[in-house]
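Results of the structural survey
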Amino acid sequence: MSPRQKAPKSVALLIESSNAYARGLLRGIVSYMRDHEPWSVYLSEQERGATPPPWLKNWHGDGLIVRIENDAIAKSIRRLELPTVDLSAGRHIPNIPWVETNDREIARLASEHLMQRGFQNLAYCGDPSFNWSRWRQEEFARLAKEQGRQCVVFESESPHASGFSIARERRRLTNWVLSLPKPVGIFACYDIKAQQMLDVCREAAVKVPEEVAVLGVDNDELLCDLCTPPLSSVMPSAQRAGREAARLLDALMRGDSVPEEHLIDPIGVVTRQSTDVLAIDDEDVATAVRFIRDHACDGINVLDVLRTVPVSRRVLETRFHEFIGRTPHQEIVRRRIDRACNLLANSDISLSRVANLTGFRSEGYLIVAFRREMGITPGQYRRSL
């Protein structure tokens with residue numbers, strides 16, 4: 001190495017790679033490294049919540065990005081006294097920078113997704129051993145109450161609790177599902193819990209999505225597609241979270257101070273068969289919603305919607321607002337903006353092409369509508385991911 005060359009920073013990543021969210025975090029870190037000075041990275045294979053790897057005790061590096069999910073990991077990190085960014089909601093070490101999905105925003109997306117399908121009965125299946133599950137539950141229940149809807153909560157028992165039984169937990173979950181008023185939209189705290197919910201429904205002969213619609217979180221595509229029926233899921237921006245964590249660690253290793261809390265908004269909801277239903281007790285409104293769902297991005301307007309139902313515009317708008325909480329025009333725009341967000345987040349196509357694919361007359365119309373609905377321009381939205 002020449003005298004002018006600096007040795008790369010040595011960074012340890014204590015992040016499991018066994019699930020889609022964690023792999024997204026790692027991709028975000030890699031993305032940041034490609035755009036900046038490369039690091040010498042230590043990454044060992046481990047499971048979520050595992051004890052500290054043996055090499056960490058005598059490791060001498062420059063910084064760490066860690067999911068601090070238990071006291072053993074926290075103790076090891078404290079002992080090292082190195083710049084550290086936490087990617088866990090557990091908050092086992094206060095007063096260090098942490099990056100986490102915005103769980104209240106996840107709950108909002110889940111609430112809107114199920115309410116837009118007309119569900120008056122809502123339920124939440126969580127895991128109280130995780131902060132993020134409790135935060136999602138609190139916001140989901142609050143939003144349901146705000147909209148005059150009932151929300152029933154199921155809290156799983158911790159598998160680490162004394163006397164825990166998988167069979168007993170399965171019976172509890174089955175009895176809970178059978179006791180719920182139907183039809184019901186269930187928000188599960190993450191995809192694995194949602195998969196368990198779908199298994200229970202299948203074994204208990206409960207129809208999905210007609211009687212019970214199930215929505216998960218993480219959008220683990222393999223897991224969602226393996227579910228029966230395929231699972232709808234809220235997609236977090238894991239890659240953006242990983243990139244933000246890398247940016248913060250880079251600043252810490254330079255000696256800069258950074259804010260403590262960094263919440264990353266999710267991308268949106270990926271709809272699959274488990275929630276592809278309308279629980280609307282009004283045939284005309286249901287017909288109008290289906291038509292908008294199928295054709296919003298084809299450039300339709302409210303007059304096109306009215307041709308599908310035998311009622312006046314005023315009657316439809318009144319009944320539509322009663323069940324959906326918005327007018328037909330607002331629903332058309334919302335569907336287009338949702339599609340635009342998905343295209344901006346998951347492709348690099350031009351704004352003019354996005355406008356064309358989402359039913360806007362031009363790029364200019366897209367920008368105006370997008371700013372009105374989202375508070376930022378499409379370009380700003382894309383750069384924020």
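Higher on the page you've got the structure.
An account of the accompanying structure is given in this report. (Residues numbered from 1 in each chain as written. Predicted model: local features only at pLDDT ≥ 70, side-chain atom pairs only at ≥ 80, totals over all residues. Heavy atoms only, no water.)

**Quick look at the overall build of the protein chain**
Each helix and strand counted, the protein chain has 15 helices and twelve strands in total. What you see for the protein chain is a C-alpha radius of gyration of 23 Å, in line with the 21 Å of a compact globule of 385 residues. With the C-alpha coordinates aligned to their principal axes, the bounding extent of the protein chain is approximately 80 × 60 × 35 Å. Nonlocal contacts in the protein chain, meaning residues at least 24 apart in sequence, comprise 66% of its contacts between residues at least 6 apart. As displayed, the protein chain offers around 18,900 Å² of accessible surface, 48% of which is attributable to carbon and sulfur atoms. Each charge class in the protein chain can be summarised by its mean position, and for the 51 positive and 51 negative side chains these summaries are 2 Å apart. (Helix = DSSP H or I, 4+ residues; strand = E, 2+ residues; numbered from the N terminus. Rg over C-alpha atoms; globule rule 2.2 N^0.38 Å. Contact = heavy atoms within 4.5 Å. Areas by Shrake-Rupley, 256 points an atom, 1.4 Å probe, with all protein chains shown as cover. Lys, Arg positive; Asp, Glu negative; His and termini not counted. Charge placed at Lys NZ, Arg CZ, Asp CG, Glu CD.)

**A short note on unusual backbone geometry**
Omega for the peptide link from Lys182 to Pro183 comes to -5°, which places this bond in the cis form. Note on placement: Pro183 falls in the loop between helix H5 (166-179) and strand S8 (184-188). Cis geometry marks the peptide bond from Thr228 to Pro229, where omega comes out at -5°. Note that Pro229 resides in the loop between helix H7 (221-226) and strand S10 (232-235). With phi around 120°, Asp218 is a residue other than glycine that occupies positive phi space.

**A few points about the sheet that holds strand S12 (residues 268-270)**
With mixed pairing, six strands are arranged side by side in an open sheet as S7-S6-S8-S9-S10-S12. Strands with a single pairing partner mark the edges of an open sheet, and in this sheet they are strand S7 (150-155) and S12. The mean inter-strand angle of the sheet, taken between neighbouring strand axes irrespective of direction, is 25°. The pairing of strand S6 (residues 121-126) with S7 spans six bridges and is classified as parallel. (Pairing = 2+ DSSP bridges. Axes fitted to C-alpha atoms, helices over the stretch in contact; angles between N-to-C directions.)

**Some details on the pattern of salt bridges**
This model, assessed by the stated rule, comprises 27 salt bridges. When the shortest N-O distance is used, the salt bridge between Glu203 and Arg170 registers 3.1 Å. With Glu203 in helix H6 (residues 191-203) and Arg170 in helix H5, the pair connects residues that are 33 residues apart, well separated along the chain. Judged by relative accessible area, Arg170 falls into the partly exposed class, the value being 29%. (Salt bridge = Lys/Arg side-chain N within 4 Å of Asp/Glu carboxyl O. Buried < 20%, exposed > 50% of the residue type's maximum accessible area, 1.4 Å probe, protein only.)

**Things to note about helix H2 (residues 71-80)**
Listed in full, the buried residues belonging to H2 are Ile73, Ala74, Ser76, Ile77 and Leu80. Each buried residue of H2 lies within a common arc of 165° when the element is viewed along its axis, so the set occupies one face. Turned more than 90 degrees from where H2 packs its buried face, Asp71 and Lys75 sit exposed. In this structure, the buried side of H2 is in contact with strand S1 (10-14), strand S3 (63-66) and strand S4 (84-86). A distance of 3.2 Å separates the backbone nitrogen of Ala72 from a side-chain oxygen at the start of H2, and that oxygen is part of Asn70. Taken from the residues just after H2, Glu81 is the one with a positive phi, measuring 55°. (Arc of directions from axis to C-beta. Polar contact = N/O pair within 3.5 Å; in protein donor to acceptor, adjacent residues only side chain to side chain.)

**Quick look at the packing of aromatic side chains**
For any pair of aromatic rings, geometry is given as the distance between the ring centres together with the angle between the planes. By the definition in use, this model includes twelve aromatic pairs. Consider the rings of Tyr42 and Trp59, whose centres lie 5.7 Å apart with planes at 75°: the pair is edge-to-face. Linking Tyr42 in strand S2 (residues 40-43) with Trp59 in the loop between S2 and S3, this pair joins segments that are 17 residues apart in sequence. For Tyr42, a relative accessible area of 39% corresponds to the partly exposed category. A relative accessible area of 7% means that Trp59 is categorised as buried. With a centroid separation of 5.1 Å and 55° between ring planes, the pair formed by Phe140 and Phe187 is classed as tilted. Linking Phe140 in helix H4 (residues 131-146) with Phe187 in strand S8, this pair joins segments that are 47 residues apart in sequence. For the pair shown, Phe140 and Phe187 are each scored as buried. (Phe/Tyr/Trp six-rings, centres within 6.5 Å; stacked < 30°, edge-to-face > 60°.)

Just geometry here; none of it tells us what the structure is for.
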